[in-house]
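Structural description and commentary
So the chains spell out like this:
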Amino acid sequence: MKWVTDHQYVRGASLTVVSNYPYSTREHLMPGCRPQFGRSNPLWRYLDLYHGYTARLGYLLTRGEPVCSTAVYHDVRSIWAGGDARARAIRLHEGLAETLLRGQREFDFIDDDVLAGREGRVADEHLVVGSMHYDTLLVPATDWMEPAALRGLAEFARGGGTVIAVEGIPSTDGGRESLLEAAGADVKTGDSEIRVGRGRIVVAPLQEAVAMLRPLIRLEPPREEIRVCKRLAGETALYLLVNQAADQLPVTAHFPEQQTAVVCDLDHGRRYPLGTRRQSHGTAADLVLEPWGSIAILFGGEADAPPRPRGGTEILALAKGWSIRPLRAYRVGQDDYEVHEMPQAAAQPVELGDWQASLGPTFSGDAEYAVRFQWDAGQPARGTRLRLGKVDCACEVILNGQPVGRRIWPPFELDIGETLR
């Protein structure tokens, strides 16, 4: 659920309507109501963590305006035309969008309604759509652009905008009139950049077209798995970085800003200082993005929590001495999902790993893993973290009778310094 949310929000969404809570689970409705997120799901008491994360992320992304001056033409008419036109439109649409995202380049989609003036307008070297202003338009090769949209695109170029024609000059009516003709361009054979009025039309293959655009940030090493979006609000700049891979990714990120930076902890609603290095043209930060993880960085904001302590390298392994005790089981009944409390269940020794060996292959519910360990009283506790490793798929930690915290996605780590004794 978090991965899907990050996938959507880094692409521009900022609001989730969570649904649905089924009216009934009786008879045929029960198998049709999946996933059933209610009290009959073991994850129900953890979902506030997801809701809080999503609410904080959505709030941040609605502060200020998106930093996006590039729009990509969505060639719907070629898709309706079918045949080779359809195949080319889909190939260029998907290839262009994915290449831009993998290179940390932001863009919006526009269509014929925008270019034709029904939902947008050309003004001051920009295509204006609502509060957004685009100075660069990427237009995949097409023969089926709406005539009014082609004229709008020509007006944008003559007015000072940049049109990047990807793999061919767009035209209308099956190729009857091209953008160059509509713009009144004086074209010489072999020209890849044509000046029209105060603007220009550039013809380029897909990879070269994307390379012409400046990324929001620069990553070392380059990471195609990382997606980025940016918001500006006055003097502050917000970045959301999302790792869409299953691997942990260490990376050095170069930002154009030079203000103080903080990490917005979307899990807990705190802001921690981010260690950065000032450069001549911005700021560099060494980051580690967890598998399927995300990080929100705010330049020009203030921290409201001290820096997270960095623990030493000493490791106390807690691999032995564990026990497991089932607390409650969730089962499918005749007409409803059933929750069975198990107060009399006894603890039994267990090796860390899949609980099927101890609780059986069909057990679904909550189980308590427990272990006792010795802590050296002379060793400072501050900065100590509990690393649970791989957890499937949620956990609550209690140490010395005190709740330490809950986790519902990686990293399954918690600060325990204040609770150790």
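To be clear, the structure that these remarks concern was listed above.
Residues numbered from 1 in each chain as written. Predicted model: local features only at pLDDT ≥ 70, side-chain atom pairs only at ≥ 80, totals over all residues. Heavy atoms only, no water.

So, the nonpolar core
- Ranked by size, the top nonpolar core spans 27 residues in total, and within it Leu115, Leu127, Leu137, Met145, Leu153, Val163 and Ile201 carry the most contacts.
- Of all the secondary-structure elements, those providing two or more residues to this core are strand 2 (70–73), helix 6 (112–115), strand 6 (132–134), strand 7 (136–140), helix 7 (147–158), helix 8 (179–183) and strand 11 (193–196).
- Here this core gets six residues from one element, more than from any other, and that element is helix 7.
- Aside from chain neighbours lying at most four places away, what touches isoleucine 201 is Ala157, Val163, Ile169, Leu179, Leu180, Ala183, Ser192, Glu193, Ile194 and Val196. (Core = buried A, V, L, I, M, F, W, Y, C linked by side-chain atoms within 4.5 Å. Buried < 20%, exposed > 50% of the residue type's maximum accessible area, 1.4 Å probe, protein only. Helix = DSSP H or I, 4+ residues; strand = E, 2+ residues; numbered from the N terminus. Contact = heavy atoms within 4.5 Å.)

Observations concerning the pattern of salt bridges
- Counted by the stated rule, this structure contains 25 salt bridges.
- A salt bridge links arginine 118 to aspartate 113; its shortest N-O distance comes to 2.6 Å.
- Residue aspartate 113 is classed as partly exposed on the basis of its relative accessible area of 27%. (Salt bridge = Lys/Arg side-chain N within 4 Å of Asp/Glu carboxyl O.)

Points about the sheet that holds strand 6
- Taken together, the three strands give an open sheet; going across it, the order is 4-5-6, and neighbouring strands pair in antiparallel fashion. Each edge of the sheet is formed by a strand with only one pairing partner; in this case those strands are strand 4 (121–123) and strand 6. Here the strands of the sheet are splayed against their neighbours by 35° on average, with no regard to which way each runs.
- Packed onto the sheet, helix 7 meets strand 4, strand 5 (126–129) and strand 6 and runs at close to 10° relative to strand 4. (Pairing = 2+ DSSP bridges. Axes fitted to C-alpha atoms, helices over the stretch in contact; angles between N-to-C directions.)

A closer look at the packing of helix 1 (residues 2–9) against helix 3 (residues 47–61)
- Look at helix 1 against helix 3: their axes get within 11 Å of each other, and the N-to-C directions meet at 5°. One element, helix 1, and the other, helix 3, form an angle in the roughly parallel class. Contact residues: helix 1 offers Lys2, Thr5, Asp6 and Tyr9, while helix 3 offers Tyr50, Tyr53, Thr54, Leu57, Gly58 and Leu61.
- Across the contact of helix 1 with helix 3, the residue classes tally to five nonpolar, three polar and two charged. (Parallel < 35°, antiparallel > 145°, perpendicular 65-115°, else oblique. Nonpolar A, V, L, I, M, F, W, Y, C, P; charged D, E, K, R; others polar.)

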